[in-house]
Amino acid sequence: PCTASQQSFSKLSAQSRQSQMSDPDGDTDLAEKVKAEGNALFAQKKYTDAIRCYDRAIELSSRVASYYGNRAAAYIMLSRYHDALKDCRTSVSIDSNFLKGYLRLGKVLLNLGEFSESVIAFQKALVLDSSCHEAEQQLLMLKDIEDQLSSVEKRLSGGDARTALYHLDRCLQSAPHSTRLRLRRAELLIELGRHDEAAMLTTDLVRLDSSGPEVASELLLLRGLSLYYQEMHEKAQQHFAQALKMNPDCEKAKAAFKRSKRLAAAKDEANSLIKDKNYEAACTAYTNALLIDPKHDAYNAKVHCNRALSLLHLDRLQEALEDCQAALNLQPDYANAMKRLAQVQQRLEQFEEAVKTCEELQRRHPSRENRAFLQEAQLALKKSKRKCYYKILGVGQTASDDEIKRAYKKKALLHHPDRHSSATEEQKRAEETAFKDVGEAYSVLTDPQKRRRYDAGEDLEDMQQGGAGGFNGMDPNQIFAQFFGGGGGGGGFPSFHQQQHFHGGHHRGGGAGGMPGFSFSFG
């Protein structure tokens, strides 16, 4: 079923066909009726139907300026500004005294960002009516836009893209359909690192804009750059290639295409060196990769993070720490950089800082894996607040029993109180404490059960309680004597001074609990 407006339009169309049969030049009266029907539909916001009426009116009488002007108004309401522009130009070409035509033309040109032409249109309107308030207001707006655009260039020349974007957005409030201004906005968004917004804006422009090949090439370039800075390098290269097809002389597209290729190749080379455990060469490759595009935050954050891994393997911990921090400065939400930073902090014995890093990781990226990572950091912090038996003996956490025994022998002889009998009272107390700690460390680390409990982070107070697995009450002198093979007979142990005279051979312990001795001498 037809709507009332469609039925009315069909009736008018039939009348116009009948009129044209008798009058080839058309019927002005009938055209006016069709225009009136269009105006009624326009008032009801039925703009598409109104355009059909204006189309028919123009068919009936093609030299009436108001028909084109009214159709332009309907096009504007549907945001079909380029169609509106054609009708506005036609209307004033038919009637050079058509005031509404010039006002409408000026507004359309303003909306499309054609500011110079818009000024001319409003000036012509003032020639026709010197008291035209609307034309005066529009010219004031255009002067403000001119000032805003000047501020954009001034701010950009000073490196202030953020404020430049503010001024540009003020211009876009008056000219929201200006392709030129929207392209400029995409440039500024990319400059500010707001690549998601730039991608959405350029996607809309690709879909809506119907400008020529030069504008299309620039549009493809900007969309490619928005993808490039989001590390979608393959898609970005496709856009750069399309831009070059449309405009082979576009130097920016050429440079962007080459740069994207170089980034991908540099990263692949460095990653390959890491897999081959060639960490020095990997560090150099990552350093070179950082020079390709200093503005590519996402890429450079990953490069810093990967170089930190190479430096970690090379035990260059401070440099690794700096790389992790550089990665997070570029990408504050970068989970892998947070994890690597925590690892480096623990290696540097910055245990509290490592816990804070892991807490931030879990806050930003909650997961079971990251919670476990936080718990490991908290355990490492807890361990750091106890005596570090490995550090006391000067061995690593994977030290064998033989390595622990050799370390104990060296440290016990170094700190034995008899050796420091002539020292000050303060020095004696310090050496006695150190000697006790050495014996305690040896007692725990040479007992598999105690060592497991210690490595698991168990509190020393729990371990020191009496009973199985504890070492409470163990005399460090007794440990020393047992280690060096205390005497036979009644089970007595040789003194520290006796130990000093064992040179060159093996002293083998006798009696209960004796242990093999070691050849040693003081030096």
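Predicted model, so just to flag it, every value in this text is computed and none were measured.

With that settled, consider the overall build of the protein. The helix and strand inventory of the protein stands at 27 helices and zero strands. A burial count over the protein gives 43% of its 523 residues as buried. A separation threshold of at least 6 residues defines the contact pool for the protein, and within that pool the share at least 24 residues apart is 53%. Summed over all atoms, the accessible surface of the protein reaches about 28,100 Å², with 49% contributed by carbon and sulfur.

Turning to the packing of helix H2 (residues 28-43) against helix H3 (residues 47-60), a few remarks are in order. Running from amino to carboxyl end, H2 crosses H3 at an angle of 165°, the nearest separation of the two axes being 8 Å. Considering their axes alone, H2 and H3 lie roughly antiparallel with respect to each other. Read as a crossing pair, H2 and H3 show a hand that is left-handed. Across from Leu-30, Ala-31, Val-34, Lys-35, Glu-37, Gly-38, Asn-39, Leu-41 and Phe-42 in H2, the residues of H3 making contact are Tyr-47, Asp-49, Ala-50, Cys-53, Tyr-54, Arg-56, Ala-57 and Leu-60. When the residues that make up the contact of H2 with H3 are grouped by side-chain class, the tally is 11 nonpolar, two polar and four charged.

Under the UniProt annotation, "repeat: TPR" (unreviewed entry) lies at residues 31-64, 99-132, 217-250 and 301-334. Between the end C-alpha atoms of residues 99-132 the distance is 9 Å, and the span holds 79% helix and 0% strand. Note that residues 217-250 is 76% helix and 0% strand, and that its end C-alpha atoms are spaced 8 Å apart.

With that out of the way, let us pick up the nonpolar core. Ranked by size, the top nonpolar core spans 84 residues in total, and within it Leu-105, Phe-115, Leu-181, Leu-221, Leu-225, Tyr-228 and Phe-240 carry the most contacts. Once residues lying within four places of it in the same chain are set aside, the contact partners of Phe-115 are Leu-110, Leu-142, Ile-145, Leu-149, Ala-175, Arg-180 and Leu-181. The next biggest cluster of nonpolar side chains, apart from the first, holds 27 residues, and it includes Ala-301, Tyr-334, Leu-374 and Leu-381.

Moving on: the pattern of salt bridges. In the structure shown here, the tally under the stated rule is 32 salt bridges. Ionic pairing is found between Arg-347 and Asp-315, a salt bridge with its closest N-O pair at 2.6 Å. Linking Arg-347 in helix H18 (residues 335-347) with Asp-315 in the loop between helix H16 (297-313) and helix H17 (317-330), this pair joins segments that are 32 residues apart in sequence. One salt bridge in this structure joins Glu-360 and Arg-363, with 2.7 Å as the shortest N-O distance. Of this pair, Glu-360 and Arg-363 both sit in helix H19 (residues 351-364), separated by three residues, roughly a single helical turn.

Here we come to the packing of aromatic side chains. Within this structure, the stated rule accounts for five aromatic pairs. For the pair Tyr-390 and Tyr-454, a centre-to-centre distance of 6.1 Å together with 50° between the ring planes defines the contact as tilted. With Tyr-390 in helix H21 (residues 389-393) and Tyr-454 in helix H24 (residues 448-455), the pair connects residues that are 64 residues apart, well separated along the chain. Accessibility classification places Tyr-390 together with Tyr-454 in one group, the buried group.

On to the environment of Leu-290. Following the sequence through the fold, Leu-290 ends up in the loop between helix H15 (279-289) and H16. According to the relative accessible area criterion, Leu-290 is buried, its value standing at 15%. With 23 residues separating them along the chain, Leu-290 and Lys-267 place their C-alpha atoms 9.7 Å apart. Not counting residues up to four positions away in its chain, the partners in contact with Leu-290 are Asn-300, Val-303, His-304 and Arg-307.

Turning next to the confidence of the model for the protein. For the protein, per-residue confidence averages 85 on the pLDDT scale, and 84% of positions sit at 70 or higher. Predicted confidence for residues 1-25 stays below pLDDT 50, and this span has 25 contacts to residues more than four positions away or in other chains. Confidence drops under pLDDT 50 across residues 466-472; counting only partners more than four residues distant or on other chains, this segment forms 17 contacts.

In this fold, Asp-437 is placed in helix H23 (residues 425-445). Here Asp-437 falls in the buried class, since its relative accessible area comes to 16%. Look past the residues within four positions of Asp-437 in its chain and what remains in contact with it is Lys-387 and Ile-392.

What counts, and at which threshold
Residues numbered from 1 in each chain as written. Predicted model: local features only at pLDDT ≥ 70, side-chain atom pairs only at ≥ 80, totals over all residues. Heavy atoms only, no water. Helix = DSSP H or I, 4+ residues; strand = E, 2+ residues; numbered from the N terminus. Buried < 20%, exposed > 50% of the residue type's maximum accessible area, 1.4 Å probe, protein only. Contact = heavy atoms within 4.5 Å. Areas by Shrake-Rupley, 256 points an atom, 1.4 Å probe, with all protein chains shown as cover. Axes fitted to C-alpha atoms, helices over the stretch in contact; angles between N-to-C directions. Parallel < 35°, antiparallel > 145°, perpendicular 65-115°, else oblique. Left-handed = near helix turned anticlockwise from the far one by under 90°. Nonpolar A, V, L, I, M, F, W, Y, C, P; charged D, E, K, R; others polar. UniProt positions renumbered as here; feature names shortened; annotations may be inferred. Core = buried A, V, L, I, M, F, W, Y, C linked by side-chain atoms within 4.5 Å. Salt bridge = Lys/Arg side-chain N within 4 Å of Asp/Glu carboxyl O. Phe/Tyr/Trp six-rings, centres within 6.5 Å; stacked < 30°, edge-to-face > 60°. pLDDT = per-residue confidence, 0-100.

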